[in-house]
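What the coordinates show
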Number of protein chains: 4
Amino acid sequence: MGFKEDFTLKSNELLEKRVMRDAIHDYIHVDHLIIWRLINAQEVQRLRRIKQLGGTHQVFQSAEHSRFVHSLGVYQTIRRMLETECLDNYLSDYDKLCVMIAGLLHDIGHGPFSHSFEGVFHDNHEDMSVRLILEDSEVHDILADFYEELPQDVASIIQHTHPNKALIQMISSQLDADRMDYLLRDSYMSGTTYGQFDMSRILRTMRIKDDHIVYKESGVQAIENYILARYHMYWQVYYHPTARSYEHLFQSIFLRVKDLYQQDYHFQTNMKYILPFLENKETNRDFTNFDESVVLYYFREFTDEKDPILKDLSLRFLNRRLFKYVDFDDINEVEEIKKIASQHGYDPRYYIITDNQKQIPYLHYGDNFNEIEILDRHNQLSPLPLKSEIVSAILNSKNYKSDQKVFFPKELKDDISIL
Amino acid sequence: MGFKEDFTLKSNELLEKRVMRDAIHDYIHVDHLIIWRLINAQEVQRLRRIKQLGGTHQVFQSAEHSRFVHSLGVYQTIRRMLETECLDNYLSDYDKLCVMIAGLLHDIGHGPFSHSFEGVFHDNHEDMSVRLILEDSEVHDILADFYEELPQDVASIIQHTHPNKALIQMISSQLDADRMDYLLRDSYMSGTTYGQFDMSRILRTMRIKDDHIVYKESGVQAIENYILARYHMYWQVYYHPTARSYEHLFQSIFLRVKDLYQQDYHFQTNMKYILPFLENKETNRDFTNFDESVVLYYFREFTDEKDPILKDLSLRFLNRRLFKYVDFDDINEVEEIKKIASQHGYDPRYYIITDNQKQIPYLHYGDNFNEIEILDRHNQLSPLPLKSEIVSAILNSKNYKSDQKVFFPKELKDDISIL
Amino acid sequence: MGFKEDFTLKSNELLEKRVMRDAIHDYIHVDHLIIWRLINAQEVQRLRRIKQLGGTHQVFQSAEHSRFVHSLGVYQTIRRMLETECLDNYLSDYDKLCVMIAGLLHDIGHGPFSHSFEGVFHDNHEDMSVRLILEDSEVHDILADFYEELPQDVASIIQHTHPNKALIQMISSQLDADRMDYLLRDSYMSGTTYGQFDMSRILRTMRIKDDHIVYKESGVQAIENYILARYHMYWQVYYHPTARSYEHLFQSIFLRVKDLYQQDYHFQTNMKYILPFLENKETNRDFTNFDESVVLYYFREFTDEKDPILKDLSLRFLNRRLFKYVDFDDINEVEEIKKIASQHGYDPRYYIITDNQKQIPYLHYGDNFNEIEILDRHNQLSPLPLKSEIVSAILNSKNYKSDQKVFFPKELKDDISIL
Amino acid sequence: MGFKEDFTLKSNELLEKRVMRDAIHDYIHVDHLIIWRLINAQEVQRLRRIKQLGGTHQVFQSAEHSRFVHSLGVYQTIRRMLETECLDNYLSDYDKLCVMIAGLLHDIGHGPFSHSFEGVFHDNHEDMSVRLILEDSEVHDILADFYEELPQDVASIIQHTHPNKALIQMISSQLDADRMDYLLRDSYMSGTTYGQFDMSRILRTMRIKDDHIVYKESGVQAIENYILARYHMYWQVYYHPTARSYEHLFQSIFLRVKDLYQQDYHFQTNMKYILPFLENKETNRDFTNFDESVVLYYFREFTDEKDPILKDLSLRFLNRRLFKYVDFDDINEVEEIKKIASQHGYDPRYYIITDNQKQIPYLHYGDNFNEIEILDRHNQLSPLPLKSEIVSAILNSKNYKSDQKVFFPKELKDDISIL
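Attention in this report is confined to the structure presented alongside it. For clarity, every value in this text was computed on a predicted model and none was experimentally measured.

1. So, helix α15 (residues 241-262) of chain B
Note that an α-helix has 3.6 residues per turn; residues three or four places apart therefore point the same way. Residues and elements named next belong to chain B. Between its terminal C-alpha atoms α15 stretches 31 Å, which fits the 32 Å expected from 22 residues at 1.5 Å a residue. By the criterion of burial, α15 is predominantly enclosed, with 16 of the 22 residues buried. Positioned one or two residues after α15, Asp-264 has a phi angle of 60 degrees, which is positive.

2. A look at the relation of the copies chain B and chain C
For the match of chain B to chain C, the screw axis carries a shift of 0.0 Å, the RMSD comes to 0.0 Å, and the turn is 180 degrees. These values place the two chain copies in the arrangement generated by a two-fold rotation axis. Looking at the rotation axis and the C-alpha trace of chain B, the residue lying nearest is Ser293(B), at 2.1 Å. Take the interface residues of chain B: 100% of them recur as interface residues in chain C, which is what a same-surface contact looks like.

3. Considering the sheet that holds strand β3 (residues 206-209) of chain D
All names here are of chain D. The four strands are arranged β3-β4-β7-β8 in an open sheet whose pairing can be described as mixed. Looking at strand neighbours, the two that pair on one side only are β3 and β8 (381-383), the edges of this open sheet. Each adjacent strand pair in this sheet contributes to an overall mean axis angle of 45 degrees, direction not counted. Bridge count between strand β4 (residues 212-216) and strand β7 (residues 373-375): two bridges; the pairing is parallel. Bridging across to β7, Lys-216 finds its partner in Leu-375.

4. Here we look at the sheet that holds strand β8 (residues 381-383) of chain B
Residue and element names in this part refer to chain B. What the four strands build is an open sheet, ordered β3-β4-β7-β8; its pairing is mixed. Two strands lie at the open edges of the sheet, namely β3 (206-209) and β8, each paired on one side alone. When the angles between neighbouring strand axes are averaged without regard to direction, this sheet yields 45 degrees.

5. Things to note about the relation of the copies chain D and chain B
Between the two copies, chain D and chain B, the superposition gives an RMSD of 0.0 Å; the rotation angle is 180 degrees and the shift along the axis is 0.0 Å. Residue by residue, 91% of the interface of chain D is reproduced at the interface of chain B, so both copies engage with the same surface.

6. Considering the interface of chain B and chain C
Taken residue by residue, the interface counts 46 residues in chain B and 46 residues in chain C. Together chain B and chain C conceal approximately 4200 Å² of surface at their shared face, both sides included; 44% is due to carbon and sulfur atoms. If you sort the residues of chain B by the area they bury against chain C, Arg21(B), Tyr297(B) and Arg300(B) come out on top, with a joint share of 18%. Between chain B and chain C we count six salt bridges in total. Of the charged contacts, one joins Arg321(C) and Glu138(B) as a salt bridge, the two residues approaching to 3.3 Å between their closest N and O atoms. At the junction of chain B with chain C, the criterion picks out 25 residue pairs in polar contact (both at pLDDT 80 or more). Looking at the side of chain B that touches chain C, the elements that each hand over two or more residues are β1 (13-22), α3 (42-45), α4 (67-83), α12 (177-190), α17 (284-289) and α18 (292-302) of chain B. Considering every element that reaches the side of chain B that touches chain C, the biggest residue donor is α18(B), with six residues.

The rules behind each value
Residues numbered from 1 in each chain as written. Chains lettered and ligands numbered in written order. Predicted model: local features only at pLDDT ≥ 70, side-chain atom pairs only at ≥ 80, totals over all residues. Heavy atoms only, no water. Helix = DSSP H or I, 4+ residues; strand = E, 2+ residues; numbered from the N terminus. Expected span 1.5 Å × (residues − 1). Buried < 20%, exposed > 50% of the residue type's maximum accessible area, 1.4 Å probe, protein only. Least-squares fit on C-alpha atoms with pLDDT ≥ 70 in both. Contact = heavy atoms within 4.5 Å. Pairing = 2+ DSSP bridges. Axes fitted to C-alpha atoms, helices over the stretch in contact; angles between N-to-C directions. Buried area = accessible area lost by both parts, 1.4 Å probe. Salt bridge = Lys/Arg side-chain N within 4 Å of Asp/Glu carboxyl O. Polar contact = N/O pair within 3.5 Å; in protein donor to acceptor, adjacent residues only side chain to side chain.

Shown next as structure tokens:
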């Protein structure tokens, strides 16, 4: 028998278990020292300085929560899943430990305003999470110190390569702990009702069948409700144009920085925290140092730079002079707007931004692993759309809602509105 | 100028306005004496003794609220609608008074376990509400005493004949105060999240266009959410088979009473409160006397009747020996079950009940009055399905969820399950 | 080894455990057949027809919940207590079963509008609960059928005679499952915030010391908060004068019935459900038949009685013509009011009612059993007031809030207000 | 007639009123352009980068909200107060505008981790708010641009010198919009129930008497509840020792920076944002630039400083190696601990910190302005303690809870615990 087979959660429990109060889960329980050590590791603590929702708090003012508290919430949701009879019996104690840790760490690779940041620097937060787990970090040391194969086992869950598919489903599927926590949390914090769904019922209908997680038919309604909760949160909250405007500004600033760097512009600001990213050779340490407080510090510094574009964009960002926006159907309209911008002295590369948001409520996969599968009373599995009229209707409509906008400085509003 | 034109709400205000605490709306405000008098009228107070959700509290134990508190909630929702700028400006003070009263009174025609009751006695609660408003009742006297045309004006809103279509929409349409209050209230009381939706936002996007109520495009998401909330409440709560089982039992008891009456059975019980219904000549007074406390009193009395079927059904009802149920596809299966029931001495007329629940989330009407219409930024109207991918998808699917069950005594379970 | 020692909850578990949705506890879990059978017993089902808060829904309109759902909540609260490490280890499985059952059954002896009813008929609901458990009832049969000593063991918890004091504390002490559930539930249902407190934290600080339940010092704040929650619920909700007025009317009706009975008045109404109480020889069956639906039935019947007092009081009750009230300091004021009432033809025995509400937030007992005791970090016990400045301050003030009112018919208002 | 007398809110309304979603107040309404401009001013936007609760999110993880969203909440609470009949009638439109603005701006003088910051630099946030309103800031310009006396009129409310005492009471008294918003918000965000109270009822019982705000006797219970909510929030949340530990660390870092500066230490870090504070000559611009993102940036920089104390403290702060703590009664114990610290090489000036928290639930003032006054039915005023047994009891006890702790590095725990 090896370490993994012998390992029991019970024998590794803390003498005095810890709890942390949380607005969503009431309490977050920490029963094992390794979890406590990971929570306090600098890569996890750094997430306190990264907002969960990027620019959304510009619209939903009270949604100011961090990725840190979401990560605790994912961990706690995994713990609740593990308490269900079906998973409690199905998983080994070692696998349970791995998946709790994967839940806690799955977001550590996120940069500030993650998607905008990745837009400029072509990083991928999932890869970065894995890299931080596998090498050269405090979390890596804590994991490896506990058991040498633990970093790899945790990483393989996040990378979708772990042999036990149920573990992957718990963290990253169409119905996972990540989404469950963020819907409930973002909804609560923003003061909207859209993201509420019946987590208790979904967990109660969870079963294991053919080595993966499926749901009893009596859970279909609760799952439909969850899928639509997610759909509505996207359109009402996550894709709100004011939040997008804020994030575009962020992206334009970094794009300008990158361009200036490539043009050998002389920055007055000490660029040491950004340089590794510009040079495309950031270490894990560089990454961990880079959070929203650093970004905001730089934006303030940039307001004293000589480059008028960088200075102007940074002032707009800090003092909330966000870009305005209109819908467009045709790329020619955008070209028109770019022309106007140029005429008024705004470089379209930074000042005219387009995006197109689409949200597909449910993906119908060929294979059974990514599908939400429903177990009927004859013990047969079907993909969710066969059991849900609502999901099926949406899938067949093909006519997904999308939202295509062009963003521009407020000063151009009158010129553009007459187009 | 006549009464209606001269009437102002302000000049009719109570010196000391009244408020009542409510779990859904925080406070229910009563600013006018006529509202206060109507609330205390016996036809409205009677609704305290009629449960809002019939048998649902057999499953959702804490959902024990009455139609009375729902009626207050509809009235309060109307008040909130009237506070919106668009309705405040559009409606005369007299119309405002009429619609507030219609909201308060629209349910006074409900019998105990309304739908089951109507199933046996072929009454219609809407007609009965109108009848009570128009004649021979305490609410009628209060209304007529205030202004002679008031009973008719209020009734015409409930009857859908009022010339001002917006008033009808407020009380009775696919997006009305009645549904808004019951979704929020039933959801809160049952402890489920399904019925929650964003009422504030829907009210904020309300507009008047071409003399009826429409909604700005920015409200589409909130309306979708409301439509799906309703859909899920139907399937999770209102159509729960245990609740249906309870209501079928109710209906079988009354069916048996009716049959016995027609067979000249001699009831030991003093039937005075039921007789008018059996003779099909109930007065308004008879109707008002008839509430759930009377029904429960009779059911207890029936446990001492000689007729074994009436006695048995009443005992089952009072002591919660509900019918069991299975899905069926084919009427032949039901015939089979009826045969088994007969063999075991259970008269299928009372002991084998079938039903078929269907819930169409949204109805697409030809005319613009019953449709939820959306006002776009070009000031054009479209029916909701053209603006909502979700609603459109559901409409086009044609494949609505339905649920067809047969209910039978628990004692037959083993015989039936082998079919 | 006997039955009690051998008994394990695990081996008695239902194959398919049941859950019921609840607005307060989310789910109420039923793991054992005997609990399920007891829930469906007629003495427990009868509680569906008894309102938890008597006349309070006359003020807090949405607080219409029954003693049935509260009883489920007490049972569920006991279950949560039993899940704490300290009680889980301390109690035998048989004791756990007993206390869960005692929680479920402790209120079955309540009559309709309990306190008013007891005021006329001198019953005591605790004695009646015990009587129903010990003999001649469906719950008795279920208990005795399971194990012959079970009725007595359950009853002794409710009677405070059980040798294990912790069991008694769980059901009936200054910090028990009964109060915890009713504060949370009444607060939620009435839509007030006053009764909210931090149950999770109180349960987390529970410990066993010297064979009874005590609380860690870190729980003092949560307990203070609970004590004040209760204090505020009494004054804001339970003692609201409108609710008292409603209950006084109830009591006057029954007082009149009793007086008429003793004067050999000939009732037109068939008195069979009340007679046993008037003759002071009600059986358990008589008691179980007597619920609010019967009372309301009788009140409606009484509106046709010849006795003008009984008729008038019943009409007032059904149509909410409640008594008005004023504070008084001196019994002479009441005598004055009674004189006025007599002059106007109102018999003061039924029409002039006084009461005096007092609520002592915390009782400091000599013995450690009734006291809330606090365990400090030196493992020493102190009574709560020594550890809580707030509770100590309240105890020492001696100047408890009280509220003394006289109630009278509205028609006398002008005559009385000039006094 | 001058500007103030002529001014009407109505005529200054925005054509399209704005609303912002908020988790506490549902919506925050902006009806006037000047409010919208102030919200977007840099001094107000800066508050997004200052946490409302300093180090509290170290314990109550989800309480990560900023002073910005609290400021919006205070403004919205003032708006709700102004909607009450009594204030609506009593105040001029100009005064209403002033007090809404004062609510929005009252916190702009807060530094990062305000109280710790003020502990080192002896600033006072109220004075700073006033200074920013009166001169040299974006908010000043917006105010003066609207009307020249507006800055002074707003400032005088915050300074308690405005002639209209009711305005001061609304912002800063024992029952004000500031406290109301923070109790509800901090409670919601932290996921505790302690801070909930019945704001609707308190506002409903507000009256004007003798030119200041008083409360009807029917509000006493709600006010008691509010006072105790505040008391419990202090002990359960605000004074939590882990939060204090975090703030002490903050303060030690700045104390070390100040000492090093006075010793002419050569910082490697570019100190430009801190220098003005060290030199005690910060301008408004310097102040506005200084927020939590700058502080966190500096703390990261300090981890590369040569000074071992500054480096060590900064690492502890960023990576959550907080000080441990014990209660102490006697200053000699602290001296003992300081000796141990010195022996282990920890300079007690930075590593051994004591504090003493006290919370007096209610202050009984001689004058009627700071007192909460209660208006009885005879139209007489009394101070709250005469009308509230609970508040009176607490006032008379004199034995206020206090909590005196010494904080020290975890490494010294064993040496200290044997003392």
